[in-house]
Amino acid sequence: MESAEVHSSGPWPFVTLHRYRVGGRRFVWRARQHRKGLDPNARGLEAASAPVWQTPVYNWLTGALFAVGALLFMAGSAGTLARAGLGWPSGGLINLVFFLGSIPFTIAGYLQLFQAANAPLFVPGQPPRVRPITLLGWRPADPGWLSTFSQFVGTVAFNVNTFDAMHPPADWYAQDLAIWLPGLIGSVLFLLSGYLAFIEAGHAHWSWHPRDLAWRIVFVNLLGCVAFMVAGVLAYVPRAPAPHWLPALANTSLLAGAFCFLVGALLLMRESRSAGDRSGPR
C-alpha cells in the first residue's frame, strides 16, 4: 500500500503526530490514540480486531482502577485532616486506607505500561507491525512508554511509602528514609509521567486544547501530579516539631491531587467508550 507523508510533528525529540494520504484520502495518526487503540481508522486501514490490551474494556478497567485508588487516597487525606481536629479516625486506619489505595494505582499503572510496551509499530499506510508480547518493553523514543514506565515505578514507590507508614520507625530520620523518601521519589516520577503524557497528547511542550477529551485527561492528571509533588515535599518529618499548618497543607495538597486523578480516571473511562472520536488537536 503506497502512502505519501504530509507532515510529522511533536515535542522535540518525539514524534507524536503524522498527517498523510493513502489513495487520495487524508489521515491523522496520533501516538496516544494509537497505543490505546482508540482511533483504528486513522491508520489508513479498515478497523481490524484489536488485541485485548487495546479494547474499550481494557481501557475502561484501567480508568476504573485509577478511580478506586484516587477515592481511597481522598478518603485517607480527608481522614488525616479530620483526625487533626477531631482525633478520629485512628492513624492506623488512615495508613491502611492509603496502602489499599496504592494497590489499584499500581495495577492500573502496570496495565498502561503493558499496553504501551505492546502497541504495534506504525508505518503510515501499512499494516501495524505486531511484535512479540513483552512484559515491560523498552521504547525510550516513545513518550507514551516513558510516561507509563515512570508512572508504574512511581506507584511502586508509593506502595513502599504507604506500607512503611503502617509500621513507622521511632526516629524522625528513619521515618524520612522509610516513608518520606519513597513518597518523594514517587511524586517526582508521577510529575515526570504527567508531563510526558501531556506533551504526547498535545503534540507540543505546551498546548491548550480544552475541547479535546484526551487533552483534558492528561491536563487534569498533570495538575494532580503537581499537587502530589507539593504534598510529597511537605510531608517530611522534621527533627523539631513541625508548624501545625505544614501537615495540613501537605494533606490538603494530597487531597487535591487525588481529586484530580479521580476526575482524570472518570474521563479515561468515558474515553474508552468513544473510540473513533477524531476531535483531537490537528
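The coordinates are above.
This section reports on the structure supplied with the text. This structure is a prediction, so every number in the text was calculated from the model and none was measured.

1. Some words on the packing of helix α5 (residues 172–202) against helix α6 (residues 213–234)
Contact pair α5 / α6: the axes reach a minimum separation of 8 Å and the direction vectors enclose 160°. Here α5 lies roughly antiparallel to α6, going by the angle between them. Pair α5 / α6 crosses with left-handed handedness. Contacts between α5 and α6 involve Trp180, Leu184, Ser187, Val188, Phe190, Leu191, Gly194, Tyr195, Ala197, Phe198, Ala201 and Gly202 from the former and Ala214, Trp215, Val218, Phe219, Leu222, Cys225, Val226, Phe228, Met229, Gly232 and Val233 from the latter. When its residues are assigned to classes, the contact of α5 with α6 shows 19 nonpolar, 4 polar and no charged.

2. Considering the environment of Ile94
The residue Ile94 is located in helix α3 (residues 91–117) in this model. Using a relative accessible area of 5% as the deciding quantity, one classes Ile94 as buried. Note: C-alpha distance between Ile94 and Pro168 (74 residues apart in sequence) is 13 Å.

3. Observations regarding the pattern of salt bridges
Should their charged atoms come close, side chains of opposite charge can pair. All chains considered together, the criterion is met by 2 salt bridges. Of the charged contacts in the structure, one is a salt bridge between Glu200 and Arg35, with a shortest N-O distance of 2.9 Å. Note that Glu200 is positioned in helix α5 and Arg35 in helix α1 (residues 31–36), a separation of 165 residues in sequence. For the pair Glu200 and Arg35, one class covers both residues: buried.

4. Considering the nonpolar core
Of all hydrophobic cores here, the largest spans 28 residues; its most connected members are Phe66, Phe73, Phe105, Phe190, Phe228, Leu254 and Phe261. Residue assignment for this core shows that the elements contributing at least two residues are α2 (56–86), α3, α6 and α7 (245–272). Excluding residues that lie within four positions of it along the chain, Leu254 makes contacts with Phe73, Ser77, Phe98, Phe228 and Ala231. With 10 residues, the next largest nonpolar core counts Phe14, Leu196, Ile199 and Trp215 among its residues.

The rules behind these values
- Residues numbered from 1 in each chain as written.
- Predicted model: local features only at pLDDT ≥ 70, side-chain atom pairs only at ≥ 80, totals over all residues.
- Heavy atoms only, no water.
- Axes fitted to C-alpha atoms, helices over the stretch in contact; angles between N-to-C directions.
- Helix = DSSP H or I, 4+ residues; strand = E, 2+ residues; numbered from the N terminus.
- Parallel < 35°, antiparallel > 145°, perpendicular 65-115°, else oblique.
- Left-handed = near helix turned anticlockwise from the far one by under 90°.
- Contact = heavy atoms within 4.5 Å.
- Nonpolar A, V, L, I, M, F, W, Y, C, P; charged D, E, K, R; others polar.
- Buried < 20%, exposed > 50% of the residue type's maximum accessible area, 1.4 Å probe, protein only.
- Salt bridge = Lys/Arg side-chain N within 4 Å of Asp/Glu carboxyl O.
- Core = buried A, V, L, I, M, F, W, Y, C linked by side-chain atoms within 4.5 Å.

Any functional reading would require information beyond the geometric quantities listed.
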